[in-house]
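Here is how the chains run, residue by residue.
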Amino acid sequence: KLFKTEFYEFSDRQRTFSSKISERPVHRARHYSLPLHIEPHLFAVFNTVQAPPVLSQRHHLISSEEGDPLPQQAASKSPVTVQFLNQLYDLTSNKASSALSQSVFETASEYFSPSDLKLFQQTYKLRELPAVSIGDQATSSPCSTSGGSPSCFEGNLDIQ
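Residues numbered from 1 in each chain as written. Predicted model: local features only at pLDDT ≥ 70, side-chain atom pairs only at ≥ 80, totals over all residues. Heavy atoms only, no water.

### Considering unusual backbone geometry
Stage number 1. Even without glycine at this site, Lys4 takes up a positive phi of about 50 degrees.
Stage number 2. If you check the backbone angles, Lys125 has positive phi at about 55 degrees while not being a glycine.
Stage number 3. Mapped onto the secondary structure, Lys125 falls in the loop between α4 (114-123) and α5 (153-159). (Helix = DSSP H or I, 4+ residues; strand = E, 2+ residues; numbered from the N terminus.)

### Some points on a nonpolar patch on the surface
Stage number 1. A surface patch of nonpolar side chains, amounting to about 370 Å² of accessible area, comprises Val80, Leu85, Tyr89 and Leu91.
Stage number 2. Exposure remark for Tyr89: the relative accessible area of 44% places this residue in the partly exposed category. (Patch = residues over 30% accessible without salt bridge, like charges linked within 9 Å, V, L, I, M, F, W, Y side chains within 5 Å. Areas by Shrake-Rupley, 256 points an atom, 1.4 Å probe, with all protein chains shown as cover. Salt bridge = Lys/Arg side-chain N within 4 Å of Asp/Glu carboxyl O. Buried < 20%, exposed > 50% of the residue type's maximum accessible area, 1.4 Å probe, protein only.)

### As for the packing of aromatic side chains
Stage number 1. Summed over the entire model, instances satisfying the criterion amount to 2 aromatic pairs.
Stage number 2. Ring centres 5.7 Å apart and planes at 75 degrees place the aromatic pair Phe3 and Tyr32 in the edge-to-face group. Of this pair, Phe3 sits in the segment before β1 (7-10) while Tyr32 sits in the loop between β2 (26-29) and α2 (72-77), placing them 29 residues apart in sequence.
Stage number 3. With relative accessibility at 22%, the residue Phe3 sits in the partly exposed group.
Stage number 4. For Tyr32, a relative accessible area of 26% corresponds to the partly exposed category.
Stage number 5. Taking 5.2 Å as the distance between ring centres and 55 degrees as the angle between the ring planes, the aromatic pair formed by Phe120 and Tyr124 counts as tilted.
Stage number 6. The class of Phe120 is buried, set by a relative accessible area of 18%. (Phe/Tyr/Trp six-rings, centres within 6.5 Å; stacked < 30°, edge-to-face > 60°.)

### Observations regarding the environment of Pro25
Stage number 1. For Pro25, the position within the fold is in the loop between α1 (20-23) and β2.
Stage number 2. Taking the relative accessible area as the measure of exposure, Pro25 reaches 36% and is therefore partly exposed.
Stage number 3. Taking C-alpha positions, Pro25 is 4.6 Å from Ser11, a pair spaced 14 residues apart along the chain.
Stage number 4. Non-local contacts of Pro25, meaning those with residues more than four positions away in its chain, are made with Glu9, Phe10 and Ser11. (Contact = heavy atoms within 4.5 Å.)

### Points about the side chain of Thr139
Stage number 1. Structurally, the position occupied by Thr139 is in the loop between α4 and α5.
Stage number 2. By relative accessible area, which is 11% here, Thr139 ends up buried.
Stage number 3. A polar atom in the side chain of Thr139 sits 3.0 Å from the backbone nitrogen of Ser141.
Stage number 4. Residue contacts for Thr139: discarding those within four places in its chain leaves Tyr111, Phe112, Ser113, Pro114, Pro150 and Cys152. (Polar contact = N/O pair within 3.5 Å; in protein donor to acceptor, adjacent residues only side chain to side chain.)

So, in structure tokens, the structure goes:
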């Protein structure tokens, strides 16, 4: 009654592995509401509308195109591409939606380059969506990756 919602039973049929945890149904709501006098005191109410996290293996074996395991040294020199991350985390889609949002929080006075983001999306044939900076962290100045200003090294990686 507090949340003014109805909970439903959901089963996850997308997982590629079998475990007792993933086979159990979860109870979630499609929406919930809070009384106005309680809302300022809460950040979130978990286990209501959130899907359970997809937990990955603790380690991943990086292999060559032929499927043979690569030595750690060779693996660390391999480029990290969108396709590599899709395979590593078992992602089936990179389709973006304006109905969804995501935030990136930077704490080290990091900036990101909108032009670098656009180039990244074009290079990997991703839907081109601009990032919205709410803290004036977007820069049109050339980025420094060696400690100069503005520093975009970590910020660009995070946003991409």
